[in-house]
Amino acid sequence: MTAPSRTIAFTLNGRPVTAEVAPHHTLIEVLRDGFGLYGARESCGQGLCGCCTVLLDGRGVSSCLYLAVFADGAELVTVEHLAAGGELDPVQEAFIEAGAFQCGFCTPGFVLMTKQLLDEHPDPSDDQIRHYLSGNLCRCGTYPQIVEAVKLAARKRGSV
Amino acid sequence: MNDTAFVSTGQVGRSLPRVEARAKVTGTAEYIHNFRLPGMLIGKICRSTVPHGRIRHIDTSAAAAIPGVYAIVTGEDIRKIIPDPYYGPAFHDQPILALDKVRFVGEPVAVALAADPHIAENAARAITVEYDELPAVYDEVEAVTATAYVHDVLKPAGTFADLKHLVGRRQTNVALDFHLRRGDVEAEFAAADHVFAHEFRTQQVMHTPLEPFVSVAEAANGAVTIHTASQNPSFVRVEIARLLGLKENRVRVRTAFLGGGFGGKLYIKLEALVTALTLIAQRPVKVSLTMEEQFFTITRHPCTFRIKSAVTKDGRVTARKCEVYYNGGAYADIGPRVAQKSGFAAAGPYDIANVHIDSFETYTNRPPAGALRGFGTPQLVWAYESHTDLIARALSLDPVEFRRRNLLRDGRPQATGTVMRDAPLAAVLERAAAAIGWGQPFDRGSGPVKRGRGIAIGFKASISPTASVAIVNLSGDGSCTLYCGTVDMGQGSTTAMAQIAADCLGIEAETVRVIAADTDVTPYDMGTLGSRSTYHMGLAIQRAAADAKAKLAALAAELGVPEGTNLPIAELFRRKYGAQAGNIIGTGSFMPSHKSPDPQTGQTDDATPYWMSAATGCEVEVDTETGRFRILRLVNVADCGTAINPRIVETQLTGATVMQLGFTVYEGMEFTDGQLRNPSFAEYKIPGIRDMPARLEGEIVTSRQGGGPFGAKGVGESGTYAVSPAIANAIHDAVGVRISALPITAEKVYRALREAAGNPLPED
C-alpha cells in the first residue's frame, strides 16, 4: 500500500504514545500490530458483535471500524488497562464470580461496556443493562450470567 | 479396573470458577486468532461465484502484478506438491483448493499471499475465474433422484465399514443410506386405530463462532507445525500426515483456547490449506476467515423428515416409520456419521415395538454441512416432538401424559435393540413439566394476544467407539500437570478435567496445570465432540491418576516407607533423588465397547456407552393480529449424571438453549439459485441480550451414569435438543396453528393464522 501515512498521538492506557498510520488502518490494527494488545478482537468486522470494543474518551467504540487517524488526540483504554496494577477491576471480579463467560472471546468487550455503563449509571436498571450491552454478542449464550455479573459489579463498586 | 470404585475427595461437584477465568477477563487468554510468526504471510481466498461448474480458466496475472503480492496459489499448484490433495473424515472428496470443478458458491478456488493483509485481499479480488456452469441441485429430497451429480465418483475414506459399499459408485448424490428395521410397521399401519403422517423441515444454519476459523502453518526440515483453532488436533495430525506422506511424529498440531467451536472446528477446515501454502511459499502462512467466509465453510444440515405413526385408541404408539433426508452440501465432512448416528434414534425416546428408519446423507450444491451441537439430533427432535404433539392434540390427550405413556424406560430396548440404561427420561420430562407449571391453570391471554404452553423431550446416543488417552505428571515438588487433548472451546473442560484429576489424587483442583492440546506433548484424543469428553477423557484421566498413585505407592515401598504414612509426594521424591527432582508419569486410556449396527436392520445390542436426555418447557404469547410472538419462559432440563462442576453445567445448559433459540426463531441461511444472500451478522441475526426470554432457566436432574467418571457423562449438546419443538408446541397451544418448517417467524405464524381462518394471504 502506498497510501500516505501520518503520525497520530494519543493516550493509550494512561501513557502518551504515537503511531504511524495509513488512512485505511483501523484502530484495532494499530493496537494489535503497533502495541501488541490483543484483548480487542476482530470478529464480525462490521461493528455488530462488540468483540473489538475499546473505550475512546470513556465511550465504547468498535475498533474494527474506527479509523485509527480519528484517534489522534483521544484517550484510549483497552481491557488490558483494567487490571494494570495487578488488581482486577470490580467488573472483572464480578464476571468471574458470576461465571459470566464461556469461551471468553467476547468477554473483554462486555467488560468494557459494563464499565462504561456503570460509570454513567452506577445502579442500572435491567433495561439499561440490556440497552448498553445490546451491541455485544455472546455466541455461547451466557447472557443470564452476564446480567447477574453486571448487577454484582454495581454492588461491588457501590460498596467501595 | 472398576471405574466407579473411586471415592470422591470432594473436588468433583465443586462449582469453582474456570481455572482460566483471570486470563479470560483480562483479555490475556491465548487464542490462535492472535497468533503470529516472524516472516508470516497472510492468505486471502478467492471463492467460486457459481454453484456448480467446470473451471475453464483462472487468470492470476493481474493479481500477481500487484506490488507486495508474494504469490497466487491455485489447486493445480497444490497438486504439484500433494498429488492427491483431497481430504475428509468420511470421504476423501474435498480438494484443498478447487480442482477441475467447483461445487458451491463460496468454494475456495485460489489464494493470494502477501505480508500485508490488505494487499492479499486486493489481490484475491483481482483473480478472475471462468466457469462452464453445470446443472445444480440444492434440495435434499430432490438430490436423491436428481440427474445433476455433485461428484462424478464417490470416494469413501475407508475408515468406516458402512461406507465401503459406496466405493467407486457413480451417478448418485447419496453419501450414506442408513436403514433400521424392527418388527413390521406396514402390518401395524394396516391394523391401527389411528395413523398420523407429517413432514417437517429445518433450515441451514451456521455455528458463527466469534473467533472465526483460523490456522497458521510453518514447515522446516521435513516437519510441519500447525497452530490451529481445532476441536480435534489428533485427527488433523493423522490427516495432514496422510496427505503429505509423513509419519505422525513429523506433524505437530497445537491449539489454544477456542473462541467457540460448537462442532464447526472439527476435522480439516483450513489446516490442509495453510500446510500446502507454507510448503509452496517456504514462509509461515496464516489464514483467518472473516465472519462472512465462515458461512462457506461448514454449517448445520438442513433436513426433511417424513414421519408416520400408528397409534392405538388409548394412546400407545405401536409403529413408527421415519424417512430422514440430511442435506450435506457439496462435501461430506462428517455428514455420513450424522445420518447414521442420529438416524438410529430418529423414532424418539419412545418404546415402540415396530420401527422402520431410512436416513440419507445427500450431496447438494450448497456449503458443506457437518456437526453442530447435537450431531443431527435437533433436526430429529424438531420433527418427532412436533409430530408427537400433533398426535396428542388430535386424540385429545394431554401432551405430557401421552409422552409419559410411551416413554422408553430403563431396561427396555431402544429401536436398535440396545437396552436403555441410566437414561432418566421420565425424571427429565416430569421435571420440565413441573417447572413450567404443566397442568395448572394459567392466563391464556385476552383480546388478540393469546398465551400457550408447550413441552418436548429429546435424547441422543454418544458417538461410539472413540478413544481418549491422558497423562498425569507429578513433579519433584509434588505439583500435578495434566496432559489432555480435550480442547476447551468454552465448555469448561480445562476446569472439569482438573477437577477429575485433582479428585483422584486428593489435591485442590486449582493447583492442577492442564496443558492445552498439542500433539507433540498431549496424547491421542479422538476429538472434542458429541459430548464425549467428560465421559471418555474423564475415564482416561481417572486411569492415569490411578496409575500415578500405584507408582507412588511402589516408590514409597521401595523407600521403606510404611503403608499409610501419608508422606507428602515432594518428600518421597526428595528421599529418592536427594533433591527436588524426578517425575512420576501416570498414563491411562479409555475406549468403550461397541458393536456396529447390522447393515440391513440397524440392530445392535451395544450402540452407545450412554444416552443423554433433555426436555424443554415453553410459555409463549402470540399476537393474532400480526403473528408476532414473545417467549415468556423457557425452561431446559437435562440429565448429565453427576455434575462435575454444577455452575458450568448450568451455564452450558442455558447457553445451548440460547443458541437453539436462535436456530428456532431468528437464524436461517437464505439462498437464491445457490447464492447465499445473508452471510453476515447484519442479515443473519444471532440472539443478543435483548432477545432473551423474560425467564430463561436451566436445570439438572440428578442421576448417576454407570461406568462414567464419578457417575458423570456429557452435557454440551443436551440443551439444544428439545427447544425448537417446545416453542412450536406452545404456539400451537396458544393459537391452534402448526409451523412445520424452521425458523418460526412472525410471518409464518400470521400466514398460518390467516389460512386457519379460511382467508389465506397470497404467496409472494
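Counting secondary structure elements, chain B contains 19 helices and 30 strands. Computed over its C-alpha atoms, the radius of gyration of chain B comes to 27 Å, within 12% of the 27 Å expected for a compact globule of 764 residues. Here chain B, with 764 residues, has 60% of them falling under the buried criterion. Summarising the internal contacts of chain B: among those between residues at least 6 apart in sequence, 80% fall at separations of at least 24.

In this section: the overall build of chain A. Within chain A, the regular secondary structure consists of 5 helices and 5 strands. Each helix (α) and strand (β) of chain A, taken in turn from the N terminus, gives the series β-β-α-β-β-β-α-α-α-α. Taken over the C-alpha trace, chain A has a radius of gyration of 16 Å; the compact-globule value for 160 residues is 15 Å, and the two agree within 12%. In terms of principal-axis extent, the alpha carbons of chain A reach across some 50 × 30 × 25 Å. Within chain A, the fraction of its 160 residues that count as buried is 54%. Look at the contacts in chain A between residues 6 or more apart in sequence, and 62% of them connect residues 24 or more apart.

Next up on the list: helix 15 (residues 533–558) of chain B. Taking 1.5 Å per residue, 26 residues should reach 38 Å; helix 15 of chain B reaches 36 Å between its end C-alpha atoms and fits that length. B:G560, located one to two residues past helix 15 of chain B, shows a positive phi value of around 75 degrees.

Residues and elements named next belong to chain A. Domain assignment breaks chain A into domain 1 (6–81) and domain 2 (90–158). For domain 1 versus domain 2, the separation of C-alpha centres amounts to 21 Å. Across the boundary between the two partners, domain 1 contributes 14 residues, which contact 12 residues of domain 2. At the level of secondary structure, the elements contributing two or more residues to the side of domain 1 that touches domain 2 comprise strand 3 (53–56) and strand 4 (59–62). Tallying contributions element by element places strand 3 first for the side of domain 1 that touches domain 2, with 3 residues. When its residues are assigned to classes, the side of domain 1 that touches domain 2 shows 7 nonpolar, 5 polar and 2 charged.

Residue and element names in this part refer to chain B. For strand 21 (residues 449–461), the buried fraction is high: 11 of the 13 residues fall into the buried class. Pairing analysis gives 2 bridges linking strand 20 (residues 445–446) to strand 21, with the strands arranged antiparallel. Of the residues in strand 21, the one forming a bridge with S446 is V449. The hairpin formed by strand 20 and strand 21 contains 2 residues between the paired strands, and G447 there has a positive phi angle of roughly 60 degrees.

This part takes up the packing of helix 3 (residues 107–120) of chain A against helix 5 (residues 143–158) of chain A. All names here are of chain A. The N-to-C vectors of helix 3 and helix 5 enclose an angle of 45 degrees; their axes lie 11 Å apart at closest approach. In terms of orientation, helix 3 and helix 5 fall into the oblique class. Between helix 3 and helix 5 lies a crossing whose hand is right-handed. Counted together, F110, T114, L117 and L118 of helix 3 and I146, V150, A153, A154 and R157 of helix 5 form the full contact between these two elements. Residues of the contact of helix 3 with helix 5, tallied by class, amount to 7 nonpolar, 1 polar and 1 charged.

So, about the interface of chain A and chain B. Tallying the contact residues gives 40 residues for chain A and 44 residues for chain B. Listing elements by their share of the side of chain A that touches chain B, those giving two or more residues are helix 2 (90–97), helix 3 and helix 5 of chain A. Of the residues belonging to the side of chain A that touches chain B, the class tally is 22 nonpolar, 14 polar and 4 charged.

Residues and elements named next belong to chain B. The 7 strands are arranged 3-7-1-14-11-12-13 in an open sheet whose pairing can be described as mixed. Both edges of this open sheet fall to strand 3 (69–74) and strand 13 (251–254), since each of them pairs with a single strand only. Looking at each pair of strands side by side, their axes are set apart by 20 degrees on average, direction ignored. By the bridge criterion, 2 bridges tie strand 1 (residues 41–47) to strand 14 (residues 285–288) in an arrangement that is parallel.

The next subject is the nonpolar core. Within the largest apolar cluster, 294 residues are counted, with the highest numbers of intra-cluster contacts made by B:A112, B:A470, B:L482, B:A501, B:I541, B:I727 and B:I731. When sequence neighbours within four positions are dropped, the list of residues in contact with B:A470 reads B:L482, B:Y483, B:C484, B:P523, B:M537, B:A540, B:I541, B:A544 and B:G588.

All names here are of chain A. Strand order across the open sheet formed by 5 strands is 2-1-5-3-4, with mixed pairing between neighbours. For this open sheet the edge positions go to strand 2 (15–21) and strand 4, each flanked by a neighbour on one side alone. For this sheet, the mean angle separating the axes of adjacent strands, direction not counted, is 40 degrees. Judged from the 7 bridges that link them, strand 1 (residues 6–12) and strand 2 form a sheet pairing that is antiparallel. Paired with R6 across the strands is V21, a residue of strand 2. Of the strands in this sheet, strand 3 and strand 4 are in contact with helix 3, which crosses strand 3 at around 30 degrees.

This part covers the packing of helix 11 (residues 377–394) of chain B against helix 18 (residues 723–735) of chain B. Axes are the key here: two packed helices are described by the angle between their axes and the distance separating the axes. Residue and element names in this part refer to chain B. Where helix 11 contacts helix 18, the axes come no closer than 8 Å and their chain directions differ by 30 degrees. Between helix 11 and helix 18, the crossing angle belongs to the class labelled roughly parallel. For the element pair helix 11 and helix 18, the recorded crossing hand is right-handed. Of helix 18, the residues touching helix 11 (which contributes P378, V381, W382, E385, S386 and D389) are S724, P725, A728, N729 and H732. Along the lines of polarity and charge, the residues of the contact of helix 11 with helix 18 split into 5 nonpolar, 4 polar and 2 charged.

Further remarks concern unusual backbone geometry. Residues and elements named next belong to chain B. Cis geometry is found at the peptide bond from S464 to P465, where omega equals -5 degrees. Residue L742 is joined to P743 through a cis peptide bond whose omega torsion reads -5 degrees. You can see P743 is positioned in the loop between helix 18 and helix 19 (746–756). Its identity as a non-glycine residue notwithstanding, F262 has a phi of 60 degrees, on the positive side. Among the secondary structure elements, F262 is positioned in the loop between strand 13 and helix 8 (271–281).

Take the domain arrangement of chain B next. Residues and elements named next belong to chain B. Taken as a whole, chain B is organised into domain 1 (3–30 + 466–590), domain 2 (40–134 + 207–294) and domain 3 (299–463 + 598–756). The partner domain 2 presents 18 residues to the 19 residues of domain 1 that form the contact. When the residues that make up the side of domain 1 that touches domain 2 are grouped by side-chain class, the tally is 8 nonpolar, 5 polar and 6 charged.

Moving on: helix 12 (residues 399–406) of chain B. Each α-helix winds once per 3.6 residues, and so residues spaced three or four apart point in a common direction. Residue and element names in this part refer to chain B. When helix 12 is considered as a whole, its buried residues turn out to be P399, V400, F402, R403 and N406. What you see down the axis of helix 12 is that its buried residues fit within an arc of 160 degrees, all on one side. Where helix 12 is buried, its residues contact strand 17 (317–327), helix 11, helix 13 (425–436), strand 21 and helix 18.

Turning our eyes to something else, we now look at the pairing of strand 18 (residues 354–362) of chain B. All names here are of chain B. Within strand 18, 8 of the 9 residues are buried, which leaves the element mostly enclosed by the surrounding structure. Sheet topology places strand 9 (residues 174–182) next to strand 18; 8 bridges connect them, and they run antiparallel. In the strand pairing of strand 18, R181 is matched with H356. Sheet analysis places strand 17 next to strand 18, joined by 9 bridges and oriented parallel. Across the sheet, residue R320 finds its bridge partner in strand 18, namely V355. Taking the sense of rotation as the criterion, the β-α-β connection linking strand 17, helix 10 (residues 335–343) and strand 18 turns out right-handed.

Each value, and the rule that gives it
Position numbers for residues start from 1 in each chain and track the written sequence from start to end. Throughout, the order in which chains and ligands are written sets their labels, letters from A for the former and numbers from 1 for the latter. This being a predicted model, a pLDDT of at least 70 is required before a residue's local features are given, and a value of 80 or more before pairs of side-chain atoms are given or counted; all residues contribute to the totals for chains, interfaces and linings. Strands are runs of DSSP state E lasting at least 2 residues, helices are runs of H or I lasting at least 4, and numbering of each runs from the N terminus. The globule rule used here is 2.2 Å times the number of residues to the 0.38 power, and the radius of gyration it is set against is calculated over C-alpha atoms. Field definition: a residue is buried when 20 or more other C-beta atoms are found within 10 Å of its C-beta, exposed when 12 or fewer are, and partly exposed for counts in between, with C-beta atoms placed from the backbone. Throughout, a pair of residues is in contact if the C-beta atoms placed from their backbones lie within 7 Å. Given a helix with a known number of residues, its expected span is that number minus one, times 1.5 Å. Start and end points for every domain follow an automatic or database-based domain assignment. Each residue is assigned to one class: nonpolar for Ala, Val, Leu, Ile, Met, Phe, Trp, Tyr, Cys and Pro, charged for Asp, Glu, Lys and Arg, and polar for all the others, Gly among them. By definition, two strands form a pair when at least two bridges between them are found by DSSP. Simply put, an axis is a line fit to the C-alpha atoms, just over the touching stretch for a helix, and the angle between two N-to-C directions goes from 0 to 180 degrees. Here roughly perpendicular refers to angles of 65 to 115 degrees, roughly parallel to angles under 35, roughly antiparallel to angles over 145, and oblique to all remaining angles. In this scheme, a crossing is called left-handed if the near helix is turned counterclockwise away from the far one by less than a right angle; it is called right-handed if the turn is clockwise. Only buried residues count toward a nonpolar core: Ala, Val, Leu, Ile, Met, Phe, Trp, Tyr and Cys, linked into one set through C-beta atoms within 7 Å. The directions from the helix axis to the C-beta atoms are what the arc is built from. A clockwise path from the first strand over the helix to the second, with the strands pointing away from the viewer, defines a right-handed crossover.

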